[in-house]
Amino acid sequence: MDWQTLIDEPAVIATAVLILGVVIGYLVGRLNEELLTASGVPEAVEGTPFERTAQSLGTSTVEIVARLSAWFIYGIAVLTAIHIAQLLDTDAFWLRVTEFIPQVFVAVLVMIVGFIVADKSELVVSEYLRSVKLPEVAVIPKVVKYTVLYVALIIALGQIGVHILALLILLAVYAAGVVVVGTYAFQDFLVSSAAGIYLLLNQPYGIGDRVRVGDQTGIVQEVDLFVTKIEDDSEEYIVPNRKVFEDGIVRIRE
Amino acid sequence: MAGLDDVFGDLFSGVDAVALFSPSGSYYERFTDLEDEDDDFELLVVGTENDVGADTFVELPLEFDNISDRIRFGLEGALDQDIIDDGDTLACATSVFSDDIDTVSRVRADADSRTGIYDLFARSRADPEVVKSVLELAIELGQKGQKGKPVGALFVVGDAGKVMNKSRPLSYNPFEKSHVHVGDPIVDVMLKEFSRLDGAFVISDAGKIVSAYRYLEPSAEGVDIPKGLGARHMAGGAITRDTNAIAIVLSESDGLVRAFKAGEIILEVDPEAY
């Protein structure tokens, strides 16, 4: 038996492909791990529940993602080997599988990233709200977390071809609700802050000036984005900047 | 050593409350265990941060190097928050030479002899954070000076509207139409450079630097500050009597930082000691 016939043997080619796949898969896994570590992913995901779960299972987020990419390549190698060795000879099956595998891979990746981003945003938001000493405020980080997870889930399901129209509609209704309620609730703030930006940039009046806004007369004590604090002998008025624009301001000079 | 226990036992026998100054976690837990057994005394923690998660806590604005200032601040804070009552006896455990607690001092809380050191931070018009940043800035300025030379500075904090009406500009205000607040790192550098200017810095309740180069003109009647302090201290003391502001003054001659409220010296710290 010479070399030529040996190389033509499907089983030999299949084995070669399999070995090549294992080597490449291992290398890609290692490379991914190095890249993710170098780009600071371990620090970014530190403290998120996903990372903590991974740690308790004796692994880490970086390792999971790296392993995933390695297993993806192993899977392709195995399938290619099977195809070459003609163990399963059904073209239709082959077509389905080649289309489906990358999608599953992306879907799993999206879910992992979704979990981490959700956990991380929950942490960031709760850290930001920590100075607010109100028990009910604890619900906001949770809402943020599950919103991110929901979006990730929709993307992942969309990847693997599940019908997600109903979920999308739900998301649209939810987003529209947040926007509408938000703008309605904060419209005074938005108008006031627009006026406040003008007041801060142009300073038509400053701290120490004697002014009159509407019925209130006094010395300006503080101007910030939303309100102007005006004080007379016994009372301090906190006037929204919106009102400063509506009523106009009178500077009083003795 | 039983004899020593008897003698030193007088220090903490029959106290109404125990004040721990910046205790470590395990040290604090030993006291909470003790408190659970018999609740004869109140337990309170005083420190710059509530590291141990104590229920009754008095926050120190800065790590006072002077023990009597530290204890007095803790006492006045505890009195103010109604943790202890007038006339209570306290055992104050604090650290002097090491980082751990090594000293116990027996103190009687006396509401009449309060110096107002707690009020300076907690009851001023300006935010406590702002008062703290300005005080830290003055201390830092006192340590380093301006390019190695000692400088003086006068910061008037809070009630900026009234202060502006009781002062006039000496020259153009470098902070005109700017929006800088004390506590921003860049501002410390700016203020250090501007400390060469004559006159006072005016800072608002929320910490905005309203003006530099201000000549304060309050009436100095009835201001009682130690003789020998100069015009800067007199101006700073007097403006706090006329307005609800507080003044933090860095002396050019002796390098001390003094805080005034309602025309009186409340606090005197030596920057070199920090």
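As the structure is a computational prediction, the values presented were derived from the model and not from experiment.

## Quick notes on the environment of Gly21(A)
Residues and elements named next belong to chain A. Of note, Gly21 is situated in helix H2 (residues 10-38). Gly21 sits in the buried class, given a relative accessible area of 8%. For Gly21 and Ala185, which are 164 residues apart along the polypeptide, the C-alpha to C-alpha distance reads 58 Å. If we ignore the near neighbours within four places in the chain, the residues touching Gly21 are Ile73, Tyr74 and Ala77.

## Examining the domain arrangement of chain B
Residue and element names in this part refer to chain B. According to the domain assignment, chain B contains domain 1 (2-119) and domain 2 (124-273). Computed from C-alpha atoms alone, the centre-to-centre distance between domain 1 and domain 2 is 32 Å. Taken residue by residue, the interface counts nine residues in domain 1 and nine residues in domain 2. For the pair domain 1 and domain 2, the summed buried area comes to about 730 Å², and 59% of that belongs to carbon and sulfur atoms. Our count for the domain 1 to domain 2 interface comes out at zero salt bridges. On inspection of domain 1 and its partner domain 2, the count reaches two residue pairs in polar contact (both at pLDDT 80 or more). A per-class count over the side of domain 1 that touches domain 2 returns four nonpolar, two polar and three charged.

## Re the pairing of strand E3 (residues 227-231) of chain A
All names here are of chain A. When strand E2 (residues 216-223) meets E3, the two strands line up antiparallel, connected through four bridges. In the sheet register, Ile219 faces E3, and the bridge partner there is Glu231. Between E2 and the antiparallel strand that follows it, E3, lie three residues. Here E3 runs beside strand E4 (residues 236-240); their pairing, made up of five bridges, is antiparallel. Within E4, the position partnered with Lys229 by the bridge is Ile238. Between the antiparallel neighbours E3 and E4 lie four residues.

## Things to note about the domain arrangement of chain A
All names here are of chain A. Domain parsing of chain A yields domain 1 (3-163) and domain 2 (164-254). Computed over C-alpha atoms, the centres of domain 1 and domain 2 are 48 Å apart. Taken together, the contact pairs nine residues of domain 1 with seven residues of domain 2. Regarding the contact of domain 1 and domain 2, the summed buried area is about 670 Å², with carbon and sulfur atoms giving 74% of it. Its largest share of buried area at the contact with domain 2, domain 1 owes to Tyr150, Ile154 and His163, together 64% of the area lost on that side. Summed over the shared surface of domain 1 and domain 2, the result is zero salt bridges. Counting across the domain 1 and domain 2 interface gives three residue pairs in polar contact (both at pLDDT 80 or more). Considered class by class, the residues forming the side of domain 1 that touches domain 2 number six nonpolar, three polar and no charged.

## A look at the nonpolar core
Side chains that are nonpolar tend, in soluble globular proteins, to be buried together. Residues and elements named next belong to chain B. Formed by 54 residues in total, the largest nonpolar core has its most connected members in Leu44, Ile84, Leu90, Phe155, Leu191, Ile248 and Leu267. Per-element accounting of this core gives the leading share, eight residues, to helix H5 (residues 128-144). Each of domain 1 (2-119) and domain 2 (124-273) gives at least three residues to this core. Other than its neighbours up to four places away in sequence, Ile248 contacts Val131, Val134, Leu135, Ala138, Ala153, Leu154, Phe155, Val257, Arg258 and Ala259. Within the second largest apolar cluster, 18 residues are counted, among which are Leu216, Ile239, Ala247 and Val249.

## What to know about the side chain of Ser178(B)
Inspection of the secondary structure assignment puts Ser178(B) in the loop between strand E7 (167-169) and helix H7 (185-194). Non-local contacts of Ser178(B), meaning those with residues more than four positions away in its chain, are made with Gln203(A) and Lys208(B).

## Some thoughts on a nonpolar patch on the surface
A contiguous nonpolar surface patch, about 670 Å² in accessible area, is contributed by Phe186(A), Phe189(A), Leu190(A), Ile197(A), Leu201(A), Leu225(A) and Phe226(A). Assignment of secondary structure puts Leu190(A) in helix H8 (residues 165-202).

## So, the sheet that holds strand E6 (residues 153-157) of chain B
Residues and elements named next belong to chain B. As summarised here, the arrangement of the seven strands in space is E7-E9-E8-E6-E10-E11-E12, forming an open sheet in which the pairing is mixed. The strands lining the two open edges of the sheet, one partner per strand, are E7 and strand E12 (264-269). On average, adjacent strands in this sheet sit at an angle of 35° to one another, irrespective of strand direction. Pairing of strand E11 (residues 257-261) with E12, which is carried by five bridges, proceeds in the antiparallel orientation.

The rules we used
Residues numbered from 1 in each chain as written. Chains lettered and ligands numbered in written order. Predicted model: local features only at pLDDT ≥ 70, side-chain atom pairs only at ≥ 80, totals over all residues. Heavy atoms only, no water. Helix = DSSP H or I, 4+ residues; strand = E, 2+ residues; numbered from the N terminus. Buried < 20%, exposed > 50% of the residue type's maximum accessible area, 1.4 Å probe, protein only. Contact = heavy atoms within 4.5 Å. Domains from an automatic or database assignment. Buried area = accessible area lost by both parts, 1.4 Å probe. Salt bridge = Lys/Arg side-chain N within 4 Å of Asp/Glu carboxyl O. Polar contact = N/O pair within 3.5 Å; in protein donor to acceptor, adjacent residues only side chain to side chain. Nonpolar A, V, L, I, M, F, W, Y, C, P; charged D, E, K, R; others polar. Pairing = 2+ DSSP bridges. Core = buried A, V, L, I, M, F, W, Y, C linked by side-chain atoms within 4.5 Å. Patch = residues over 30% accessible without salt bridge, like charges linked within 9 Å, V, L, I, M, F, W, Y side chains within 5 Å. Areas by Shrake-Rupley, 256 points an atom, 1.4 Å probe, with all protein chains shown as cover. Axes fitted to C-alpha atoms, helices over the stretch in contact; angles between N-to-C directions.

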